[in-house]
Amino acid sequence: MSLSVNFNYCGGFADDNKLASIQSEITAADSALRNGTGAGSDYLGWIDLPVNYDKEEFARIKKCAEKIRSDSQVLIVLGIGGSYLGARAAVEFIRSSNYNLTCKDTPQIYFGGNTLSSTAVAELISLVEGKDFSINVISKSGTTTETAVAFRIFKKLAEDKYGKEEAAKRIYVTTDKQKGALKALADAEGYEEFVVPDDVGGRYSVLTAVGLLPIAAAGIDIDALMQGAASAREKYTNTDISANDCYKYAAMRNLLYRAGKKIEIMVSYEPYMLMWNEWLKQLFGESEGKDGKGIYPSSVIFSTDLHSMGQYIQQGERDLFETVLWVKNPIADIDIPFDEANGDGLNFLYGKTMHEINGNAHDGTVLAHTDGNVPNILLTIDKQDEFNLGELIYFFELACGISGYVLGVNPFDQPGVESYKKNMFALLGKPGYEELAKELKERL
């Protein structure tokens, strides 16, 4: 295993007595998860997904990804929340946050259907003008407003450009296996279809067709991605906290929360991890933020954000802790040159590399923040590749499930997400919402 976790910078929260005090809760959470006796047990398909995935569908995903790479300059991925965050995080993690500027043998990939901003959609339309494009629309119901509106627009663009029959060959639908508006449309139009599994919630779905088709279209090795996840699945089964870093992380989060550390800052030292942090924020925020409970997930990219958020983290409210992800071996490194004039006074860096300097920034920051009473949990992976990413995905999914049960919530539902939708539908005049519309308009 290439993933390692260091709990030595958690101050007094990581001693053996405190960990022992929560062991029984971790054991109970594991039992609820593995035996399907906990809340949300209908959504545990992700646990064995790395080995029990649909091999026929997996092969079709790779075949369709190859077709997209051969006939499209652009792939438009339409989805919101878990229907796009995992895929985008993976593409940027493996390839680059500048993927669309640097890709050569693979299509540019733009993610839409996740906003109601007319400006953003208009810009996305302009980006496909004069280019061959395909569409991957991802929605279990097919009626999610942001995604459905965007799909209407881009479906029409494709049909206007290629004609209805040829456009159908460029539209890939990831939706419910049996029901829903999008499923019915895909059946009627003959679109290539992939399944959103009934037993895998959106934020846990990156290793299903939801995430795998866009990821594969970017030329990323999804076999290695699944192998990394399978490796993590095999390793993190021991209920003993001292022998299971994943469960120890879940335990530590809850111990810190009970000690008043209510905010978790996800820290990375690479810009390509920005969307990875966004995926983590949804995973934990949507899983744990309910019943008046939950650790608030935030994120930063260092050393960039040390010049904006560093002051607060160092000396602000002491209600936070950091989970830091470090990549040991970068894809590229750069030597620092010698400058005869030395006007910037940096010749002491001559002979070092950029990554070496970044590593010292990492170490110095960990020490400074822990001196400032900010506990740090440090994760390290060997390199930026598919296997390591697969490990990370499974590690955090499992930790989130265990942590949610210890917290005392259902980590697999999201009832609060529906509140804004009901209000929006009422204000838009959707049939059946007349009384609510009247009430809301009086309040406005």
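A brief look at the structure comes next. Along each chain, numbering runs from 1 in the same order as the chain's sequence is written. In keeping with the model being predicted, local features are shown solely for residues with a pLDDT of at least 70 and side-chain atom pairs are shown and tallied solely at 80 or more, while totals for entire chains, interfaces and linings include all residues. Heavy atoms throughout the structure, all of them, feed into the side-chain values; hydrogens and water do not.

What about the nonpolar core?
Here is step 1: What we call a nonpolar core is a set of buried Ala, Val, Leu, Ile, Met, Phe, Trp, Tyr and Cys residues that are connected through their side-chain atoms within 4.5 Å. Here's how the labels work: a residue is buried when its accessible area is under 20% of the maximum for its type, exposed when over 50%, partly exposed in between, all with a 1.4 Å probe on protein chains only. Within the largest apolar cluster, 101 residues are counted, with the highest numbers of intra-cluster contacts made by Trp46, Trp276, Trp279, Ile377 and Phe396.
Here is step 2: With 13 residues, helix α16 (residues 386–407) is the largest single contributor of residues to this core.
Here is step 3: When checking whether two residues touch, look at their non-hydrogen atoms; a contact exists if any pair is within 4.5 Å. Sequence-distant contacts of Trp46, that is, excluding residues within four places in its chain, are made with Leu33, Asp199, Val200, Tyr204, Tyr394, Glu397, Leu398 and Phe412.
Here is step 4: Counting residues in each nonpolar core, the second largest holds 22 residues, with Phe133, Phe151, Leu182 and Tyr191 among its members. The helix count covers DSSP runs of H or I at least four residues long, the strand count covers runs of E at least two residues long, and both are numbered beginning at the N terminus.

Points about the pairing of strand β4 (residues 133–138)
Here is step 1: In terms of burial, β4 is largely enclosed, as six of its six residues are buried.
Here is step 2: Here strand β2 (residues 74–78) pairs with β4 via five bridges, running parallel. From the neighbouring strand, Leu78 faces β4, where its bridge partner is Val137.
Here is step 3: The rule for pairing is simple: two strands pair if DSSP sees at least two bridges between them. By the bridge criterion, four bridges tie β4 to strand β5 (residues 171–175) in an arrangement that is parallel. Its bridge partner being in β5, Ile135 is matched across the sheet by Ile171.

Focus on the packing of helix α3 (residues 55–71) against helix α11 (residues 222–235)
Here is step 1: Relative orientation of the contacting elements α3 and α11 amounts to 140 degrees, with a least axis distance of 11 Å. Judged by the angle between their axes, α3 and α11 are oblique. Side by side, α3 and α11 meet where Phe58, Ile61 and Lys62 of the first sit next to Ile222, Asp223 and Met226 of the second.
Here is step 2: Residues are sorted three ways: Asp, Glu, Lys and Arg are charged, Ala, Val, Leu, Ile, Met, Phe, Trp, Tyr, Cys and Pro are nonpolar, and all the rest, Gly among them, are polar. A breakdown of the residues in the contact of α3 with α11 according to their chemical character gives four nonpolar, no polar and two charged. For helices, the fitted line uses only the C-alpha atoms of the stretch in contact; every axis is such a line through C-alpha atoms, and the angle between N-to-C directions lies from 0 to 180 degrees. Roughly parallel covers angles under 35 degrees, roughly antiparallel covers those over 145, roughly perpendicular covers 65 to 115, and oblique covers all other angles.

Quick notes on the sheet that holds β5
Here is step 1: Reading across the sheet, the five strands line up as β3-β2-β4-β5-β6 and stay open at both edges, with parallel pairing between neighbours. What marks the edges here is a single partner per strand, and that holds for β3 (108–112) and β6 (192–195). For this sheet, the mean angle separating the axes of adjacent strands, direction not counted, is 20 degrees.

Here's the deal with the packing of aromatic side chains
Each aromatic ring pair is specified by the distance between its two centres and by the angle formed by the two planes.
Here is step 1: We call Phe, Tyr and Trp rings a pair once their centres come within 6.5 Å, taking the six-membered ring for Trp, and we label the pair stacked below 30 degrees between planes, edge-to-face above 60, and tilted otherwise. Counted by the stated rule, this structure contains 22 aromatic pairs.
Here is step 2: Geometrically, the ring pair formed by Tyr236 and Phe395 is edge-to-face, given 5.5 Å between the ring centres and 75 degrees between the ring planes. Of this pair, Tyr236 sits in the loop between α11 and α12 (245–258) while Phe395 sits in helix α16, and the two are 159 residues apart along the sequence.
Here is step 3: Aromatic pair Tyr269 and Trp326: ring centres 5.8 Å apart, planes at 75 degrees, arrangement edge-to-face. With Tyr269 in the loop between β7 (263–268) and α13 (274–288) and Trp326 in strand β9 (residues 320–329), this pair connects stretches of sequence that are 57 residues apart.
Here is step 4: By relative accessible area, which is 4% here, Tyr269 ends up buried.
Here is step 5: The class of Trp326 is buried, set by a relative accessible area of 11%.
Here is step 6: Each member of the aromatic cluster is reached from another via a ring pair, and the members are Phe93, Tyr236, Tyr249, Tyr272, Trp276, Trp279, Phe284, Phe395 and Phe396.
Here is step 7: Ring-over charges, as used throughout, are those where CZ of Arg or NZ of Lys falls within 6 Å of the ring centre and within 35 degrees of the ring normal. The ring of Tyr53 is capped by Lys55, whose NZ or CZ atom sits 4.3 Å from the centre of that ring.

Focus: the environment of Gly190
Here is step 1: Following the sequence through the fold, Gly190 ends up in the loop between α9 (181–189) and β6.
Here is step 2: Between the C-alpha atoms of Gly190 and Ile171, which are 19 residues apart in sequence, the distance is 9.2 Å.

Some thoughts on the environment of Ser298
Here is step 1: Within the secondary structure, Ser298 sits in strand β8 (residues 296–301).
Here is step 2: For the pair Ser298 and Ile331, spaced 33 residues apart in the sequence, the C-alpha separation amounts to 27 Å.

Description of the pairing of β6
Here is step 1: Judged from the four bridges that link them, β5 and β6 form a sheet pairing that is parallel. Across the sheet, residue Tyr172 finds its bridge partner in β6, namely Glu192.
Here is step 2: In this view, the connection linking β5 to its parallel neighbour β6 by way of α9 has right-handed handedness. For a crossover, the right-handed case is the one in which the path from the first strand over the helix to the second runs clockwise, viewed with the strands pointing away from the viewer.

Quick look at the environment of Ser419
Here is step 1: Examined against the element boundaries, Ser419 turns out to sit in helix α17 (residues 418–428).
Here is step 2: Through-space distance from the C-alpha of Ser419 to that of Ala437 is 13 Å; in sequence the pair is 18 residues apart.

Remarks on the sheet that holds β7
Pairing between the strands of a sheet is mediated by backbone hydrogen bonds and can be parallel or antiparallel.
Here is step 1: A sheet is described by the order of its strands in space; here five strands give the open sequence β1-β10-β9-β7-β8, paired in mixed fashion. On the outer flanks of this sheet lie β1 (4–9) and β8, each paired with one strand and no other. Adjacent strand axes in the sheet meet at a mean angle of 20 degrees when their direction is disregarded.
Here is step 2: Where β1 and strand β10 (residues 376–383) come together, four bridges link them in antiparallel fashion. Counterpart to Asn6 in the pairing with β10 is Leu378.
Here is step 3: In the packing of α16 onto the sheet, contacts are made with β1, β9 and β10, and the angle to β10 comes to roughly 150 degrees.

Focus: the side chain of Lys290
Here is step 1: Locating Lys290 in the fold gives a position in the loop between α13 and β8.
Here is step 2: Within polar-contact distance, the side chain of Lys290 engages the backbone oxygen of Ser287 at 3.1 Å.
Here is step 3: With residues up to four places along the chain from it excluded, the contact list for Lys290 reads Arg203, Val409, Asn410, Pro411, Phe412, Asp413 and Gln414. Side-chain atoms alone can form a polar contact between residues adjacent in sequence; in general such a contact is a pair of N or O atoms within 3.5 Å, and within protein one must be able to donate a hydrogen while the other accepts it.

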